Amino acid sequence: MFEFLLVIGLILAYYGYSVTRNPHIWGDQGKDRIKEEYWREYVLRNGRFVMYAGFLIAALAALDAALTLASWLFLVLLLGGLALLGYPLAHWMKKTHGTWNPWPRKQKGKKH
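Here the structure is a predicted model, which is why all the values come from computation and not from measurement.

J.: Summarise the overall build of the protein chain; cite the residues concerned and give the values.
T.: A tally of regular secondary structure across the protein chain gives three helices and zero strands. Along the protein chain, helices and strands appear, N-terminal first, in the series α-α-α. A separation threshold of at least 6 residues defines the contact pool for the protein chain, and within that pool the share at least 24 residues apart is 51%. Only carbon and sulfur atoms are counted for the fraction: they give 68% of the accessible area of the protein chain, which is about 9700 Å².

Shown next as structure tokens:
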């Protein structure tokens, strides 16, 4: 099953990328419902959506090939638990130091 989803995801990603580079590929789909001045932005947004959806499907298919459902759930629960463990530390850092980031940043001086 993952091979099919991987191919479909890559095709969608390529099609979306092609639409963002050349909006004429989209054709006239929905052109009668959109004002002419908004048409190009409409096509570019839809192209980006299709591209990102294709990347997501391809990534999920690749992960499906690499991991079983049980190991997926284990990783999600593990990462969620680590995030919950780190939240009190971040809250304490924000309260005591004014930022949740424990590493100091370099202050950039103003050039005169």
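J.: Any chance you could break down the pattern of salt bridges for me, citing the residues and the numbers?
T.: Going through the model one piece at a time under the given rule, you end up with one salt bridge. Among the salt bridges present, the one from arginine 45 reaches glutamate 41, with a minimum N-O distance of 2.9 Å. Here arginine 45 and its partner glutamate 41 are both found in helix 2 (residues 39–66), four residues apart, which amounts to about one turn of the helix. Among the residues examined, arginine 45 registers a relative accessible area of 54% and is labelled exposed. On the basis of relative accessibility, which here comes to 36%, the residue glutamate 41 falls in the partly exposed class.

J.: Could you give me a rundown of helix 1 (residues 2–21), with the residues and numbers involved?
T.: Taking 1.5 Å as the rise per residue, helix 1 with 20 residues should run 28 Å; its terminal C-alpha atoms sit 28 Å apart, in good agreement. If you check which residues of helix 1 are buried, you get Gly9, Ala13, Gly16, Ser18, Val19 and Thr20.

Here is what the cut-offs are and how they apply
- Residues numbered from 1 in each chain as written.
- Predicted model: local features only at pLDDT ≥ 70, side-chain atom pairs only at ≥ 80, totals over all residues.
- Heavy atoms only, no water.
- Helix = DSSP H or I, 4+ residues; strand = E, 2+ residues; numbered from the N terminus.
- Contact = heavy atoms within 4.5 Å.
- Areas by Shrake-Rupley, 256 points an atom, 1.4 Å probe, with all protein chains shown as cover.
- Salt bridge = Lys/Arg side-chain N within 4 Å of Asp/Glu carboxyl O.
- Buried < 20%, exposed > 50% of the residue type's maximum accessible area, 1.4 Å probe, protein only.
- Expected span 1.5 Å × (residues − 1).

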